[in-house]
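Listed below, chain by chain, are the residues.
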Protein chains: 2
Amino acid sequence: MKKSIITVSREFGSGGRTIGKTVAQRLGIPYYDKELVKQVALESGFDPKYIEEQGEFSPGKTHFAFSFLGRGVPGVMGGMTAADFLWTIQHNVIRDLADKGPCVIVGRCADYILRDDPRRLSVFVHAPLDERVRRAREEYGVQEPNLESFVLRQDKARASYYNYFATGKWGQSREYDLCVSSHMGIAAAVATIKAAALAVAGGTGA
Amino acid sequence: MKKSIITVSREFGSGGRTIGKTVAQRLGIPYYDKELVKQVALESGFDPKYIEEQGEFSPGKTHFAFSFLGRGVPGVMGGMTAADFLWTIQHNVIRDLADKGPCVIVGRCADYILRDDPRRLSVFVHAPLDERVRRAREEYGVQEPNLESFVLRQDKARASYYNYFATGKWGQSREYDLCVSSHMGIAAAVATIKAAALAVAGGTGA
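Residues numbered from 1 in each chain as written. Chains lettered and ligands numbered in written order. Predicted model: local features only at pLDDT ≥ 70, side-chain atom pairs only at ≥ 80, totals over all residues. Heavy atoms only, no water.

Trainee: Even after reading the chapter, I still don't get the overall build of chain A, so can you show me in this structure?
Mentor: Tallying secondary structure elements over chain A gives nine helices and five strands in all. Ordered by position from N to C terminus, the α and β elements of chain A give β-α-β-α-α-α-α-β-α-β-α-α-β-α. Within chain A, the fraction of its 206 residues that count as buried is 53%. Looking at chain A alone, contacts between residues at least 24 apart form 68% of all its contacts between residues at least 6 apart. Within the structure as shown, chain A displays about 9,700 Å² of accessible surface, and the carbon and sulfur contribution to it stands at 53%. (Helix = DSSP H or I, 4+ residues; strand = E, 2+ residues; numbered from the N terminus. Buried < 20%, exposed > 50% of the residue type's maximum accessible area, 1.4 Å probe, protein only. Contact = heavy atoms within 4.5 Å. Areas by Shrake-Rupley, 256 points an atom, 1.4 Å probe, with all protein chains shown as cover.)

Next up, the structure:
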């Protein structure tokens, strides 16, 4: 039975992170969110001690950052901006995580990075603005004078990041295998994504 | 247990009609497609004999077209274009079908017409262009010199119809509870939509 690499992109306040985490629990597969990916990339890419230990030209799969650094780039940043550099490292972290097997990855354009992986099931989670504002206030504890504007700014940042690095358009249904509104409820969204993952994994997919 | 009114919008050649029909079969609920809705509307709205029998001012729920005609509109068309008139009748047909109970309705902006119905689960089905072109040729038997352009023209017509009558934008993920790519396979798409409908109906929804 095939199993899926589920990538989750989401609007701010849609509950997408919780949904992704719960889907992973239900399917018994690892869960990685954007913070973890960023942390792994930063730790791996910028720790001088680790570089010293592994050697600059280590081709090891788990030492993605250094294989990248080892590809003859002149200088650590190679003329790239910090954002481009972090992108490249995170790109490799995500490919590395996917290589390990089925998992759920939230954020970081993972859907785009893994676009050629036949195991990928890409999901976008959204919700009506009023529900996202409520969630930001009540569940995330965000304290902002204009919460609606704050929520929309977070979306804008995510869209910019996506539209800069990926070729498609963030939030456009055609970019994803599955788009789910958490307006149907967190539990219903989880059940829907889980069903899709199992159906695809069960060989009913194209 | 609540049950759903599932509305299905779809890109041309995505298999959305087949998917909607199969979901209805699996859930044991009626299935209505745009042709049926159009036929019902035309038959009901323009058959003089039926009008004579029911009376112009009949307020009966099943005689939606005539209740509409009976609302003091001066003349059959009331100054509307034929498209507007047909829209209004189909609008009432769809509300009437939804009032009868759980069902699947494909096309005709049913998602927008039923936007305030809490039982509504709105679905958009799409697929990569090459798969839609193949389906148009092999399954629908479309014979056109430029099949790709033909498929895109059908989408354009559906989008225009939707964007004219509805307030949202056709195919934009935020407009729907669920968007599914049939690239995952017809069976997997059916399983996904069925799971969403059952999860929502089971009271796991918000």
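Okay, back to it.
Trainee: How should I be thinking about the sheet that holds strand S1 (residues 5-10) of chain B in this particular structure?
Mentor: Strand pairing in a sheet is mediated by backbone hydrogen bonds. Such pairs are either parallel or antiparallel. Spatially, the ten strands line up as an open sheet ordered S2(A)-S3(A)-S1(A)-S4(A)-S5(A)-S5(B)-S4(B)-S1(B)-S3(B)-S2(B), and their pairing is mixed. Each edge of the open sheet carries a strand with a single partner, namely strand S2 (31-32) of chain A together with strand S2 (31-32) of chain B. By the bridge criterion, three bridges tie strand S5 (residues 178-181) of chain A to strand S5 (residues 178-181) of chain B in an arrangement that is antiparallel. Its bridge partner being in S5 of chain B, Cys179 of chain A is matched across the sheet by Cys179 of chain B. Strands in contact with helix H1 (residues 16-27) of chain B are S1, S2, strand S3 (103-106) and strand S4 (120-126) of chain B; relative to S1 of chain B, the strand with the most contacts, it is inclined by about 165°. (Pairing = 2+ DSSP bridges. Axes fitted to C-alpha atoms, helices over the stretch in contact; angles between N-to-C directions.)

Trainee: Would you mind showing me how to read the state of the cysteines here?
Mentor: In protein structure, a disulfide is the covalent linkage between the sulfur atoms of two cysteines. Applying the stated criterion to the full structure yields zero disulfides over all chains. Cys103 of chain A carries a free sulfur, and the closest cysteine sulfur to it, the one in Cys109 of chain A, is 16 Å from it. Its sulfur unpaired, Cys179 of chain A is 4.6 Å from the next cysteine sulfur, which belongs to Cys179 of chain B. (Disulfide = S-S within 2.5 Å.)

Trainee: Please explain the pairing of S3 of chain B as it appears in this structure.
Mentor: Each regular strand displays side chains that alternate between the two surfaces of the sheet. Residues and elements named next belong to chain B. Both faces of S3 are covered, namely the face carrying Cys103 and Ile105 and the face carrying Val104 and Val106. Of the pairings in the sheet, the one linking S1 to S3 comprises four bridges and is parallel in character. When the bridges of S3 are listed, Val8 appears paired with Val106.

Trainee: I would appreciate a short explanation of the packing of helix H7 (residues 129-138) of chain B against helix H8 (residues 147-165) of chain B in the present structure.
Mentor: Angle between the axes and distance between the axes: these two values describe a pair of packed helices. Residues and elements named next belong to chain B. As a packed pair, H7 and H8 sit with axes 9 Å apart at the nearest point and diverge in direction by 100°. On the basis of the axis angle, H7 is roughly perpendicular to H8. Here H7 contributes Leu129, Arg132, Val133, Ala136 and Arg137 to the contact with H8, which in turn contributes Leu147, Glu148, Val151, Leu152 and Asp155. When the residues that make up the contact of H7 with H8 are grouped by side-chain class, the tally is six nonpolar, no polar and four charged. (Parallel < 35°, antiparallel > 145°, perpendicular 65-115°, else oblique. Nonpolar A, V, L, I, M, F, W, Y, C, P; charged D, E, K, R; others polar.)

Trainee: Mind showing me how you'd approach the environment of Gly16 of chain A here?
Mentor: Residues and elements named next belong to chain A. Among the structural elements, Gly16 can be located in helix H1 (residues 16-27). Separated by 110 residues in the primary sequence, Gly16 and His126 have C-alpha atoms spaced 7.5 Å apart. If near-sequence neighbours (up to four positions away) are discounted, Gly16 is found in contact with Val8, Arg10 and Val125.

Trainee: Explain the packing of aromatic side chains here, please?
Mentor: The geometry of two aromatic rings is summed up by the distance between their centres and the angle between their planes. Using the criterion set out here, one finds twelve aromatic pairs over all chains in the structure. One aromatic cluster in this structure is built from Phe12, Tyr140 and Phe150 of chain A. Positioned above the aromatic ring of Tyr112 of chain B, the side-chain terminus of Arg115 of chain B is 3.9 Å from the ring centre. (Phe/Tyr/Trp six-rings, centres within 6.5 Å; stacked < 30°, edge-to-face > 60°. Lys NZ or Arg CZ within 6 Å of the ring centre and 35° of its normal.)

Trainee: Help me out: how do you make sense of the pattern of salt bridges in this one?
Mentor: Applying the stated rule across the entire model yields 18 salt bridges over all chains. Note that Glu138 of chain A is salt-bridged to Arg134 of chain A, the shortest N-O span being 3.0 Å. With Glu138 of chain A and Arg134 of chain A both in helix H7 (residues 129-138), this residue pair falls four residues apart, about one helical turn. With relative accessibility at 52%, the residue Glu138 of chain A sits in the exposed group. Here Arg134 of chain A falls in the partly exposed class, since its relative accessible area comes to 29%. Salt bridges linked by common partners bring Glu11, Arg132 and Asp155 of chain A together with Arg174 of chain B together as one network. (Salt bridge = Lys/Arg side-chain N within 4 Å of Asp/Glu carboxyl O.)

Trainee: What exactly am I supposed to notice about unusual backbone geometry here?
Mentor: Trans is the prevailing form of peptide bonds, just as negative phi is the prevailing case for residues other than glycine. Positive phi, close to 55°, is recorded for Arg108 of chain A, a residue that is not glycine. Secondary-structure assignment places Arg108 of chain A in the loop between strand S3 (103-106) and helix H6 (110-113).

Trainee: How should I be thinking about the interface of chain A and chain B in this particular structure?
Mentor: For interface size, the figure often reported is the accessible area lost on association. Contacts between the two partners involve 29 residues from chain A and, on the opposite side, 29 residues from chain B. Across the chain A to chain B interface the summed buried area is about 2,100 Å²; carbon plus sulfur atoms make up 57%. Across the contact surface, chain A and chain B share two salt bridges. With a closest N to O distance of 2.3 Å, Arg174 of chain A and Glu11 of chain B form a salt bridge. (Buried area = accessible area lost by both parts, 1.4 Å probe.)

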